[in-house]
Amino acid sequence: MLIISPLYVNDAQLSSVTKFLLDEIKKKDIITVLHSQNVGYYMKKFCPLLGYDEKLCYTIGLLHDVGKIKVDDNILLKKDKLTSKEFKIMKKHVIYSAEILREHNYDKRIIEAVLYHHERFDGSGYLEGLKGKEIPELSRILAIIDSFDALSSFRLYREPVPYLEALTIIERDIEKYDRHYFRLFKNFIKNWIGK
């Protein structure tokens, strides 16, 4: 189920560069831009509860997949499972994201959070195989929120799952995530949906 935060084009909190980059994502793939809006919304609402700056976290969520604009359409928009070769190419989107954000002089904390958001707490992620507290805090939080929205939103290759089921799926693989932040996010979602 998509949340779809208010249209970013009218969002005074965003810089013109961020709006431009979101438009570039939208031109490339509508599903990616909707996912980005959702992740931005969750980051904006959840992270300030942890003491983080709202605008910083909102920007991280909105632009965490901006590098996908450099991924070939045949891979990005493929409805079937990616081959290992295609997945290797897809994994580069985090590098492309960091490059794009550096080119536009984004805050180092934003670049770092985006670059490492596919690292996993048990070391099974990519690109560097970081584990535990080697992974920046905002990347660990983003990893949870990114996975949660990916599960609970429509994808070309599958239907969305309900919010509580998405949390259960993540919890089954909890060794991949920071347990502390997952527990806080789970409570946040349960309070948000009134369960």
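Residue indices begin from 1 for each chain and proceed along its sequence in written order. Restriction of local features to residues with pLDDT of at least 70 applies here, the model being predicted, together with a cutoff of 80 or more for giving and counting side-chain atom pairs; totals for whole chains, interfaces and linings are based on all residues. To get the side-chain values, take all heavy atoms of the structure and skip hydrogens and water.

Undergrad: Even after reading the chapter, I still don't get the overall build of the protein, so can you show me in this structure?
TA: Helix and strand assignments follow DSSP, with helices taken as H or I runs no shorter than four residues and strands as E runs no shorter than two, numbered in order from the N terminus. Along the backbone of the protein there are 10 helices and zero strands. Moving toward the C terminus, one meets the helices and strands of the protein in the order α-α-α-α-α-α-α-α-α-α. Note on exposure labels: buried denotes an accessible area under 20% of the residue type's maximum, exposed denotes more than 50%, and partly exposed covers the range between, all computed with a 1.4 Å probe on protein chains only. Per-residue burial for the protein yields a buried fraction of 51% across its 195 residues. By the convention used here, residues are in contact when the closest approach between their heavy atoms is within 4.5 Å. Sequence-distant contacts, at least 24 apart, represent 66% of the contacts inside the protein between residues at least 6 apart. Counting only carbon and sulfur atoms, one obtains 52% of the accessible surface of the protein, whose full area is about 9800 Å². Positive and negative charge centroids in the protein, built from 32 and 28 side chains respectively, lie 2 Å apart. Only the protein chains shown count as cover for residues, and the accessible areas themselves come from Shrake-Rupley with a 1.4 Å probe. Only four residue types enter the charge count, namely Lys and Arg as positive and Asp and Glu as negative; His and the chain termini do not. Taken as the charge location is NZ of Lys, CZ of Arg, CG of Asp or CD of Glu.

Undergrad: I keep staring at unusual backbone geometry and nothing clicks. Help me out?
TA: It is generally the case that most residues other than glycine have a negative phi and that most peptide bonds are trans. With omega at 20°, the peptide bond leading from Tyr 126 into Leu 127 counts as cis. Secondary-structure assignment places Leu 127 in the loop between α7 (108-115) and α8 (137-152). At Asn 105, a residue that is not glycine, the phi angle is positive and equals roughly 60°. Structurally, the position occupied by Asn 105 is in the loop between α6 (93-103) and α7. Its relative accessible area of 69% is what places Asn 105 among the exposed residues.

Worth remembering: the numbers are spatial, not functional.
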